[in-house]
Amino acid sequence: MKKEYEVLKNAKKIVLAYSGGLDTSVIASWLKEKSAKEVICVSVDLGQVENPLALEKKAIKSGASKFYNINVEKEFIEDYAFKIVKANAKYENAYLLGTAIARPLIAKVLVDVAKKEGADVIAHGCTGKGNDQIRFELAIMSLDPDIKVIAPWRFWDIKSRSEEEAYAKAHNIHLDNEKEEDYSMDENLWHISHEGLDLENPENPANFDKCLHWVTYPQKAKDQAEYVNIEFEKGLPIAIDGNKMDGVSIVKYLNKIGGQNGIGINDLVESRKCGMKSRGLYENPAASILYFAHEKLESLTMHPDILQYKQKMALDYANVVYSGKWMTPLKEAMDAFIDISQENVTGNVKLQLYKGNINVYGIEAKNSLYMEEYATFEEDSVYNQADASGFINIYGLSSKIYAKATKEVV
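Residues numbered from 1 in each chain as written. Predicted model: local features only at pLDDT ≥ 70, side-chain atom pairs only at ≥ 80, totals over all residues. Heavy atoms only, no water.

Notes on the sheet that holds strand β9 (residues 236–240)
Hydrogen bonds between backbone atoms are what pair the strands of a sheet, whose relative direction is either parallel or antiparallel. Put simply, the rule is: In short, DSSP must find at least two bridges between two strands for them to pair. Strands here mean DSSP runs of E at least two residues long; helices mean DSSP runs of H or I at least four residues long; both are numbered from the N terminus. The criterion used for residue contact is that any of the two residues' heavy atoms lie within 4.5 Å. Throughout, an axis means a line fitted to C-alpha atoms (over the contacting stretch in the case of helices), and angles, computed between N-to-C directions, take values from 0 to 180 degrees.
Strands sit in the order β10-β9-β8-β13-β14 across an open sheet of five strands; the sheet is antiparallel. Two strands in the sheet have a free side with no partner beyond their single neighbour: β10 (243–244) and β14 (357–364). For strand β8 (residues 226–233) and strand β13 (residues 347–354), the ladder comprises seven bridges, and the chain directions are antiparallel. Following the sheet pairing, V228 is matched in β13 by L351. Sheet strands touched by helix α10 (residues 285–301): β8, β9, β13 and β14. Its angle to β14, the strand with the most contacts, is close to 35 degrees.

Structure (C-alpha cells):
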C-alpha cells in the first residue's frame, strides 16, 4: 500500500481511464486530493459516448487538467470484434467477450496519450476482484513495460459503492444515473453487460423489464419474422442484403434489427480469473447474429480437418482473450492459423429472425464443399458404396484387435 502512495506522490502526470461513472469520477477527484500533480482524463469511445462535451465538463470539474475523448469504434469492430467472430471464440462456450476485447484497445489509447503527454503513471478504476485489472495491465505491460500503473480500488480506504457515493456527495461530484437500483454496466458497440443487485444471486430470474436496453424481450417482440442476408469474404462480414457496408455500420444495423426481434440476450455465470464465479446479463444482438451466420458458412466451406481443429482451438482462443493476453505471441500465432482457415469462408448466409430465435434460411458459397452428387440419396455415378466395406475393415481394425486381446476366456 505504501508503494502505491509513493508512486502517486512522485508521479509527474497521471493518465486516468475515464468513463464518467461513479468509480472514475471519484478517482479523478481522489487522485488530486492525494497530491497528484496533474490528472489527464481519457475517455475511449467504443461507440458508447453520447455527449463528449458533457463528459469533458464533468472530468474537469472532478479535478482533471485535461480531457481526451478518442473515438476508436472502427478499430474496435474491425481489428478486435471481427477477429473473435472469425475465431468463433466464446469463453466457456457462452460469453461473447464484449468487455474482454475492449480493454486492450483502451489500454493502447491510454499508452498513446501517456506518451504524448509525457505521463509516467496510468490509473484505472477496476476493482481487485475483477478481470479488467488483468486485461488493462497486461496490455500496458506489453505496450510500455516501463510505465507504472495504479488501481485505487486495490489500496484506498473506500471499501464499498455506498462509501463512494458518500465521497461523491461530500465533494460535489455529480453522478448521472448512479443510484442504489442501478446495475453495474459496461457498454460498447459490441455489447452491454449488466451485473450486481438481484443478478448477484443466480436463483433470481433476470428482471428483463429493468435490465434490457437494446433487446426487446422475445415474448414482446413483433409477430412477423424478419430476414437478413449477410455476405462474408474470407470470414469477414462485408455486406447486408447486398449493400456493401463498413464494419461499424454492419454492427449498428444488426444491433437494431436483432434487438427488435429479441436476439442477443445472454444470462450466464462465468469463471473469473481470480477464482470466483460471477453472473452477468449481456445484450449482444449483432454479435449473436454474426457468430451464428459465420459458423453456418464455415460448415459449408471449411475443410473438415481444419474445421474440427479450429472448433477445439476456439475455446483456447477465448480463454487467451478473456485472460487479458490479447497482445501476446500465442494470440498472434492463433490469429495466423485462423486467417489461413478463413481463405475459403466466402459466401452469403440468409437468416430468419423471430422472437429471440435465429434460423438459417439458406447458405450460398461459390466454393461450397457440399456437393449434391456425392450427398444425394438418389442414384449417383461418383461414389462407389462398395468401397465402404474395405474402409470400415481398416478403420475399425484397432478396435477389433483390442477386443480380441482383452476378451475374457470362458
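Quick look at the pattern of salt bridges
Spelled out, the test is: In what follows, salt bridge is the name for a side-chain nitrogen of Lys or Arg lying within 4 Å of a carboxyl oxygen of Asp or Glu. Burial classes: relative accessible area under 20% of the type maximum marks a residue as buried, over 50% as exposed, and values in between as partly exposed (1.4 Å probe, protein chains only).
If you walk through the whole model with that rule in mind, you get 22 salt bridges. Residues K355 and D223 are paired through a salt bridge, measuring 3.1 Å at the closest nitrogen-oxygen approach. Remark: D223 occurs in the loop between α8 (208–211) and β8 and K355 occurs in the loop between β13 and β14; sequence separation between them is 132 residues. With relative accessibility at 56%, the residue D223 sits in the exposed group. Through salt bridges with shared partners, a single ionic network connects R103, D132, R135 and D186.

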